[in-house]
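Here are the chains, one letter per residue:
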Amino acid sequence: MCALRATGGLNLINMALWNKAAITKTCWELANKKDKLWIKWIHSYHIKDQVFAVMEAPKQASWMNQARPKAIFIIWLQIQEKLLTGDRLKNWGIQVEDTCCFCNQAPETRDYIFAECAYGRSLWSRLMQWLQVQQSFTTSWSEWQNWIVKKTNGRSQLARILKLVFAEYTYTVWIERNTRIFEKKATTWDVLARRMLCMCNIRGEGLMFF
């Protein structure tokens, strides 16, 4: 069934082979310590000083098991630089408006909308205020992700909550971006912050802040 139609097949994707290829790619990235947020976090939290090729897989190896699955998917795309931001679409030759829809002051890139734009910075700062977490907010994506890796390292209640909040923040900003572009509707960051507060408190099983 996975053979080409010209050879009598249905041209379906061989999911077994696709899964093996995806696992192999992930293992290669883990073994080579690529400069990505989730790779850094896994090395810091799970692998530590072990040899990846021979280590035993941890039972609790999910990066954000309390976040919504769709939020985890979006943050995976974000970290892998796979989100279809304006700069990526333009690089593919697609004619789109590539200015940030939140501030209209800079080109839309992953780094900008999540770590540099005043809209996202205000939303994140409000969340950190509610969590009573002190952070000298930086406009550098690399410094911000390093801070996330450091703060989510460990099994503490705060580390669990920060993983959840980071995932939901990423999802919320991306959905708001799409809503503004495709539906021409805008929501202020403080309204989104309150919605996130309720969502994270539910997902965090009552461990969140009030």
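Quantities reported herein were computed from a predicted structural model and do not represent experimental measurements. (Residues numbered from 1 in each chain as written. Predicted model: local features only at pLDDT ≥ 70, side-chain atom pairs only at ≥ 80, totals over all residues. Heavy atoms only, no water.)

Visitor: Please clarify how the overall build of the protein chain should be interpreted in this entry.
Guide: Along the protein chain, the regular secondary structure elements total nine helices and zero strands. In the protein chain, the succession of α and β elements from N to C terminus is α-α-α-α-α-α-α-α-α. Of the roughly 12500 Å² of accessible surface on the protein chain, 54% is carried by carbon and sulfur atoms. (Helix = DSSP H or I, 4+ residues; strand = E, 2+ residues; numbered from the N terminus. Areas by Shrake-Rupley, 256 points an atom, 1.4 Å probe, with all protein chains shown as cover.)

Visitor: What exactly am I supposed to notice about the side chain of Asp98 here?
Guide: Mapped onto the secondary structure, Asp98 falls in the loop between α4 (86–91) and α5 (110–116). Here Asp98 falls in the buried class, since its relative accessible area comes to 18%. Contacts of Asp98, omitting those with residues within four sequence positions, involve Gly86, Asp87, Lys90, Ala106, Pro107 and Glu108. (Buried < 20%, exposed > 50% of the residue type's maximum accessible area, 1.4 Å probe, protein only. Contact = heavy atoms within 4.5 Å.)

Visitor: How do you make sense of the packing of aromatic side chains when you look at a structure like this?
Guide: The description of an aromatic ring pair rests on the distance of the ring centres and on the angle between the ring planes. Considering all chains together, one arrives at eight aromatic pairs under this definition. Between the aromatic rings of Trp124 and Trp147, the centroid separation amounts to 6.5 Å while the plane-to-plane angle is 85 degrees, which identifies the pairing as edge-to-face. Pair noted here: Trp124 is in helix α6 (residues 118–131) and Trp147 is in helix α7 (residues 141–151), with a separation of 23 residues, a long-range link. You can call Trp147 buried: its relative accessible area is 15%. Every member of this aromatic cluster is reached through a ring pair, and the members are Trp124, Trp141, Trp144, Trp147, Phe166 and Tyr169. (Phe/Tyr/Trp six-rings, centres within 6.5 Å; stacked < 30°, edge-to-face > 60°.)

Visitor: Would you take a moment to explain the nonpolar core for this structure?
Guide: Generally speaking, nonpolar side chains in soluble globular proteins are found buried as a group. Core analysis: the biggest nonpolar cluster contains 42 residues, and Phe114, Trp124, Met128, Trp144 and Tyr169 have the highest contact counts within it. Secondary-structure elements contributing two or more residues to this core are α3 (69–79), α5, α6, α7, α8 (157–183) and α9 (189–203). For this core, the element with the most residues is α8, which contributes ten residues. Discounting residues that sit within four places of it in the chain, Met128 has contacts with Val133, Gln135, Trp147, Leu162 and Val165. (Core = buried A, V, L, I, M, F, W, Y, C linked by side-chain atoms within 4.5 Å.)

Visitor: What is the right way to read the packing of α6 against α9 from this model?
Guide: Relative orientation and spacing of two packed helices are given, respectively, by the angle between their axes and the distance between those axes. Interaxial distance between α6 and α9 falls to 9 Å at its minimum, and their mutual angle equals 40 degrees. Compared by their axis directions, α6 and α9 come out oblique. The chirality of how α6 crosses α9 is right-handed. Residue-level contacts link Tyr119, Ser122, Leu123, Arg126, Leu127 and Trp130 of α6 to Trp189, Asp190, Leu192, Ala193, Arg194, Met196 and Leu197 of α9. Across the contact of α6 with α9, the residue classes tally to nine nonpolar, one polar and three charged. (Axes fitted to C-alpha atoms, helices over the stretch in contact; angles between N-to-C directions. Parallel < 35°, antiparallel > 145°, perpendicular 65-115°, else oblique. Left-handed = near helix turned anticlockwise from the far one by under 90°. Nonpolar A, V, L, I, M, F, W, Y, C, P; charged D, E, K, R; others polar.)

Visitor: I would appreciate a short explanation of the confidence of the model for the protein chain in the present structure.
Guide: Detail in the predicted coordinates should be disregarded across regions flagged by low pLDDT. Per-residue pLDDT for the protein chain averages 80, and the proportion of residues at 70 or more is 70%. Looking over the protein chain, one finds the lowest element-wise mean pLDDT in helix α2 (residues 37–47), namely 65, and the highest in α5, namely 93. (pLDDT = per-residue confidence, 0-100.)

Visitor: Before we go on, may I ask you to explain α6 in this structure?
Guide: Each turn of an α-helix holds 3.6 residues, which means side chains three or four residues apart point in the same direction. Taking 1.5 Å of rise per residue, the 14 residues of α6 would be expected to cover 20 Å, and the 20 Å separating its terminal C-alpha atoms lies within 8% of that figure. Listed as buried for α6 are Tyr119, Gly120, Leu123, Trp124, Leu127, Met128 and Leu131. Axial view of α6: buried residues confined to an arc of 165 degrees, hence all on one face. Contacts from the buried residues of α6 go to α5, α7, α8 and α9. After α6 finishes, the residue Gln132 shows a positive phi value of roughly 60 degrees. (Expected span 1.5 Å × (residues − 1). Arc of directions from axis to C-beta.)

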